[in-house]
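# Notes for the structure review
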Amino acid sequence: MIGMTIMQDLTRIWHIVTTRRTSREVARDPSRARRTGLAGVALVSTLALSGCGGIYFENTKPVLPTLSVDEQMFQDTVRQDLLIEQSARDLAQETIDDCNSCSDVLTAIADHSIERSQVLGGLWEPWPAGPPSDAPTLPALPEPYPDAHIVARRAVESGITVLHSIDTLDDMDDRIAVSAVALGRIADGLRLADALGISGSEVDTWVSPAFGLADATPSSLTDEAKSDLATAIAGWDCATQLIPLYTAGPDSADGPSWTEYHGQEQTEKLLTLTANLLALDVPDERIPSCIGAFEHDLKDADVASPVDEIEQRLLSVSLTLFIKHPNLVLPLAQEESVRPLGFAQLIETLRYWNQLGAVPAVPGITITSDDSSDTAVEDAETGTPGDSDGR
């Protein structure tokens, strides 16, 4: 079961909480591995996929089990992150012409890749003590990518491929966990591309193929889709109130700073998007001001910066829309209509977040290991704000 509740007060737009199903027993069989995936502004338990054996013997010869579709996707995703980790780690030791920051960026990508692989439980190791004689083994990782340009491209393309496939996962928690991992990988690829000076037009060719829907028929807006869009619009509108406030710099004769310029640009695009959506008769659930509630939250929040927190929450709003409506295409402006709306907003947010702050390894969700938060789980499932919300 997954519970998704938007708090019914001024802070509700920013407090999207999804809750776990019953934890699966940690066992030596990946089909019974524990996977707890929660998304939104706050996660209330640890994501974990325990890589385990599940070996059985047939006529005395060891045989590996057949992984289910979701287990195979978890493992494929982990393997891709480990391949990027090894590639980035190796390339960070080399000198890349005209890219003084590339070594640091590649090292950060390698560290992020390890973190992402651990979120999904790591690589399945069927023979922890070493394979017995005649035992089947898993295929080795491919050879590392030979240059940083390929690492950037494959990080973006492989992450988008994962997003394109999440509707094959039956469990909503799994969709959220895998999507957040994919988004972190895409963000790292975009960051490396920027460091390498790769043109935006080339990066667009990495993004477009997986979700190129130029000939797609716009989706019909059901009542459920309108309701979910109304929630997303309210969240995006909160961001338009907060981004200018926290990216503004001192007045200068030279014009706005780099951060202020990108903050203004992101705000203008969000305002245009929300206006276009409201013109499609989507209910207007925007609130007059999100600033007070956000400032209240910051007092107790452990965040790197207010801008990072705004972008984190903005991404979680779009992630929720994407998970529920991965193929929602609307009759908007041409550049907005060729990709599913949730996906387009996820990529747009990652691009601006890379310019304005520091995207974490697994964006859009916050992972905690405090199992004492079971009360928060119950509150979210019953649709009532918990004590942690100050109510």
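Structure report, in brief. Because the structure is a prediction, the values reported are computed rather than measured.

When its secondary structure is counted, the protein shows 12 helices and 4 strands. Taking all 391 residues of the protein together, 51% fall into the buried category. Summarising the internal contacts of the protein: among those between residues at least 6 apart in sequence, 75% fall at separations of at least 24. Accessible surface, the protein as shown: approximately 17,600 Å² in total, 50% of it carbon and sulfur.

Before going further, it helps to examine the packing of helix α1 (residues 69-91) against helix α2 (residues 102-119). Running from amino to carboxyl end, α1 crosses α2 at an angle of 155°, the nearest separation of the two axes being 8 Å. Classed by the angle they form, the pair α1 and α2 counts as roughly antiparallel. Judged by the sense of rotation from one axis to the other, the crossing of α1 with α2 is left-handed. Two secondary-structure elements touch here, α1 through Val78, Asp81, Leu82, Ile84, Glu85, Ala88, Arg89 and Leu91 and α2 through Leu106, Thr107, Ile109, Ala110, Asp111, Ser113, Ile114, Arg116 and Ser117.

You can see glutamate 311 is positioned in helix α9 (residues 306-324). It is 6.2 Å that separates the C-alpha atoms of glutamate 311 and tryptophan 353, two residues lying 42 residues apart in sequence. Residues contacting glutamate 311, with those up to four places away along its chain left out, are Ile243, Gln266, Thr349, Trp353 and Leu356.

Moving on, we come to the layout of surface pockets. In this structure, the second largest pocket occupies an estimated 560 Å³ of space. Every residue lining the second largest pocket is counted, 25 residues in all, and those nearest its centre are Leu190, Asp194, Arg351, Asn354 and Gln355. Listing elements by their share of the lining of the second largest pocket, those giving two or more residues are α2, α4 (172-196), α5 (200-207), α7 (258-278) and α11 (341-356). The element best represented in the lining of the second largest pocket is α4, accounting for 7 residues. Looking at the lining of the second largest pocket, its residues break down into 10 nonpolar, 7 polar and 8 charged.

Attention now goes to the nonpolar core. Grouped burial of nonpolar side chains is what soluble globular proteins tend to show. Counting 58 residues, the largest nonpolar core has Leu120, Val178, Leu192 and Leu350 as its most contacted members. Among the elements that take part in this core, α4 stands out by supplying 13 residues, more than any other. Judged by nonpolar contacts, the second largest core, of 21 residues, contains Leu273, Phe294, Ile310 and Leu330.

One pass over the structure, following the stated rule, counts 2 disulfides. Linked covalently through their sulfurs, cysteine 99 and cysteine 102 form a disulfide whose S-S length is 1.7 Å. An S-S torsion of about 85° defines the bridge between cysteine 99 and cysteine 102 as right-handed. Assessed through its relative accessible area of 1%, cysteine 102 is described here as buried.

On to the packing of aromatic side chains, then. The geometry of two aromatic rings is summed up by the distance between their centres and the angle between their planes. Applying the stated criterion to the full structure yields 1 aromatic pair. When the centroid spacing of 5.6 Å and the interplanar angle of 70° are considered together, the rings of tyrosine 246 and phenylalanine 294 count as edge-to-face. A residue pair is termed long-range when its members are at least 10 positions apart, and tyrosine 246 in helix α6 (residues 223-247) and phenylalanine 294 in helix α8 (residues 291-300) qualify at 48 residues. Given a relative accessible area of 24%, tyrosine 246 falls into the partly exposed group. Among the residues examined, phenylalanine 294 registers a relative accessible area of 1% and is labelled buried.

Attention now goes to unusual backbone geometry. Positive phi outside glycine occurs at aspartate 281, with the angle close to 65°. Among the structural elements, aspartate 281 can be located in the loop between α7 and α8.

Attention now moves to the pattern of salt bridges. All told, the structure shown has 13 salt bridges when counted by the stated rule. Two residues, arginine 116 and aspartate 188, come together in a salt bridge whose shortest N-O distance is 2.9 Å. With arginine 116 in helix α2 and aspartate 188 in helix α4, the pair connects residues that are 72 residues apart, well separated along the chain. Aspartate 188 matches arginine 116 in its accessibility class, with the two residues each being buried. Linked by salt bridges that have partners in common, Asp81, Arg116, Arg185 and Asp188 make up one network.

Further remarks concern the environment of leucine 229. Tracing the sequence through the fold places leucine 229 in helix α6. Accessibility expressed as a relative area gives 0% for leucine 229, which makes it buried. Not counting residues up to four positions away in its chain, the partners in contact with leucine 229 are Leu221, Leu277, Val282, Leu321, Leu328, Leu330 and Leu341.

By relative accessible area, arginine 116 is classed as buried at 0%. Residue contacts for arginine 116: discarding those within four places in its chain leaves Asp81, Ile109, Val181, Gly184, Arg185, Asp188, Ala361 and Val362.

The rules behind these values
Residues numbered from 1 in each chain as written. Predicted model: local features only at pLDDT ≥ 70, side-chain atom pairs only at ≥ 80, totals over all residues. Heavy atoms only, no water. Helix = DSSP H or I, 4+ residues; strand = E, 2+ residues; numbered from the N terminus. Buried < 20%, exposed > 50% of the residue type's maximum accessible area, 1.4 Å probe, protein only. Contact = heavy atoms within 4.5 Å. Areas by Shrake-Rupley, 256 points an atom, 1.4 Å probe, with all protein chains shown as cover. Axes fitted to C-alpha atoms, helices over the stretch in contact; angles between N-to-C directions. Parallel < 35°, antiparallel > 145°, perpendicular 65-115°, else oblique. Left-handed = near helix turned anticlockwise from the far one by under 90°. 1 Å grid on protein atoms, 1.4 Å probe; cavity = no way out; pocket = protein on both sides within 12 Å on 5 of 7 lines; lining within 4 Å. Points joined across faces, edges and corners; volume = space filled by probe spheres on them. Nonpolar A, V, L, I, M, F, W, Y, C, P; charged D, E, K, R; others polar. Core = buried A, V, L, I, M, F, W, Y, C linked by side-chain atoms within 4.5 Å. Disulfide = S-S within 2.5 Å. Phe/Tyr/Trp six-rings, centres within 6.5 Å; stacked < 30°, edge-to-face > 60°. Salt bridge = Lys/Arg side-chain N within 4 Å of Asp/Glu carboxyl O.

Everything listed here is a matter of geometry and, on its own, says nothing about what the molecule does.
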